[in-house]
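Fold and contact review
Here is how the chains run, residue by residue.
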Amino acid sequence: MTLLAILLGTVIAGVGSVWLAALLIFSVLSRYTQHMLSLAAGALLATAFMHLMPEAFESQASANDLFAVFLVGLVFFFLLDKAELWHHGHEHHHDHEHEAHDHHGHSHAHHDHGKSGGGWAVLAGDSVHAFGDGILIASAFMADMRLGIVASLAVLAHEVPHHMGDLVVLRQTSGTQRAAIIKVSMAGTVTALGGLVGYTLVREIEDFLPFFLVLASSSFAYVALADLIPQLQKKLGLGSTVAQVLWLLSGVALVTVVSGLAHSH
């Protein structure tokens with residue numbers, strides 16, 4: 001039963017987030033993108049600090065060890081972001097150097113090749129990220145069914161803004177919206193593979209479950225604080241600011257309600 005829930009949760013989070021992102025980016029619902037960012041930020045923060053962390057602290061693990069893992073997780077995700085930025089900056093610089101020494105025709109051909117390579121880089125990054133999300137979702141389900149449901153929804157929510165950017169890149173390299181959606185969806189299915197591996201690992205090393213939960217918390221907290229909220233921190237009118245705060249609080253409420261419903265059943 002737990003394995004079935006993990007597979008269902010990972011598929012919904014991994015593929016569902018892609019389809020929701022496609023709906024937002026390729027339809028009139030794209031005008032709600034900023035509200036989606038606020039909702040996702042609230043859901044992630046509530047999941048990290050109101051559900052996953054308390055569950056981890058109910059274990060026999062020491063507070064010092066758990067907070068150390070949380071800190072290491074934050075630093076790790078920060079370094080991953082730095083590595084990605086450095087890699088993209090290096091590729092961009094290399095392309096310009098190459099174009100500077102080419103004729104116009106050769107330069108244009110190289111630019112197209114760079115776009116194609118960028119598409120594959122996005123897919124590779126998505127697959128690795130999805131695999132990690134699957135392990136984190138599995139660890140949450142192994143601790144408590146309601147935590148697994150909340151974690152799946154939180155992953156789905158925080159992946160939507162990310163996949164919107166991916167779909168824009170893939171639409172440029174693939175040429176069609178359909179091809180872009182299919183490619184990113186295939187990368188999203190890797191979440192289920194991560195869930196299967198996570199289920200096996202957590203079964204073997206159950207004592208480390210609190211640390212998986214804290215690592216999940218650090219991931220959600222980092223994405224909310226370093227990625228989503230900075231996009232919301234811009235000067236807006238009173239009405240827009242109030243709407244932004246209400247959507248963020250709605251994210252917190254959504255997580256709380258879903259958790260309560262799952263727990264009651």
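Residues numbered from 1 in each chain as written. Predicted model: local features only at pLDDT ≥ 70, side-chain atom pairs only at ≥ 80, totals over all residues. Heavy atoms only, no water.

What follows is about the confidence of the model for the protein chain. Residue-level pLDDT values for the protein chain average 79, and 80% of them are 70 or greater. Within the model, the stretch residues 103-117 combines pLDDT values under 50 with nine contacts to residues more than four positions away or in other chains. (pLDDT = per-residue confidence, 0-100. Contact = heavy atoms within 4.5 Å.)

Turning our eyes to something else, we now look at the packing of aromatic side chains. The geometry of two aromatic rings is summed up by the distance between their centres and the angle between their planes. Per the counting criterion, the structure on display carries four aromatic pairs. Geometrically, the ring pair formed by Phe 57 and Phe 67 is tilted, given 5.2 Å between the ring centres and 55 degrees between the ring planes. Taken together, the residues Phe 57 in helix 2 (residues 33-57) and Phe 67 in helix 3 (residues 63-100) connect sequence positions 10 residues apart. One aromatic cluster is present, built from ring pairs that chain together Phe 76, Phe 77 and Tyr 222. (Phe/Tyr/Trp six-rings, centres within 6.5 Å; stacked < 30°, edge-to-face > 60°. Helix = DSSP H or I, 4+ residues; strand = E, 2+ residues; numbered from the N terminus.)

Together, Met 1, Leu 4, Met 145, Ile 149 and Leu 153 give the surface a local cluster of nonpolar side chains, amounting to about 510 Å² of exposed area. Mapping Leu 4 onto the fold places it in helix 1 (residues 2-25). Judged by its relative accessible area of 58%, Leu 4 is exposed. (Patch = residues over 30% accessible without salt bridge, like charges linked within 9 Å, V, L, I, M, F, W, Y side chains within 5 Å. Areas by Shrake-Rupley, 256 points an atom, 1.4 Å probe, with all protein chains shown as cover. Salt bridge = Lys/Arg side-chain N within 4 Å of Asp/Glu carboxyl O. Buried < 20%, exposed > 50% of the residue type's maximum accessible area, 1.4 Å probe, protein only.)

This brings us to the environment of Met 145. Secondary-structure assignment places Met 145 in helix 5 (residues 145-174). Spatially, the C-alpha atom of Met 145 lies 8.2 Å from that of Ala 5, the residues being 140 residues apart in sequence.

Below, the discussion takes up the packing of helix 5 against helix 6 (residues 177-188). Close contact between helix 5 and helix 6 brings their axes to 8 Å; oriented N to C, the two are set at 125 degrees. Judged on the interaxial angle alone, helix 6 and helix 5 are oblique. Seen from above, helix 5 lies across helix 6 with right-handed handedness. Between helix 5 and helix 6, the residues in contact are His 163, Asp 166, Leu 167, Leu 170, Arg 171 and Ser 174 and Gln 177, Ala 179, Ala 180, Ile 181, Lys 183 and Val 184, respectively. Counted by class, the contact of helix 5 with helix 6 contains six nonpolar, three polar and three charged residues. (Axes fitted to C-alpha atoms, helices over the stretch in contact; angles between N-to-C directions. Parallel < 35°, antiparallel > 145°, perpendicular 65-115°, else oblique. Left-handed = near helix turned anticlockwise from the far one by under 90°. Nonpolar A, V, L, I, M, F, W, Y, C, P; charged D, E, K, R; others polar.)

A rise of 1.5 Å per residue sets the reference length of helix 1, with its 24 residues, at 34 Å; its end C-alpha atoms lie 34 Å apart and thus fit the reference within 8%. Maximal helix bending in helix 1 amounts to about 30 degrees, located at Gly 16. Among all positions of helix 1, only Ala 5, Ile 6, Gly 9, Thr 10, Ala 13, Gly 14, Val 15, Ser 17, Val 18, Ala 21, Ala 22 and Leu 24 are buried. (Expected span 1.5 Å × (residues − 1). Bend = angle between axes of the 7 residues up to and from the residue.)

Below, the discussion takes up the pattern of salt bridges. Side chains bearing opposite charge may pair, as long as their charged atoms lie close to each other. Going through the model one piece at a time under the given rule, you end up with one salt bridge. Notably, a salt bridge pairs Arg 146 with Asp 144, separated by 3.4 Å at the nearest N-O pair. Judged by its relative accessible area of 22%, Arg 146 is partly exposed. With a relative accessible area of 24%, Asp 144 lands in the partly exposed category.

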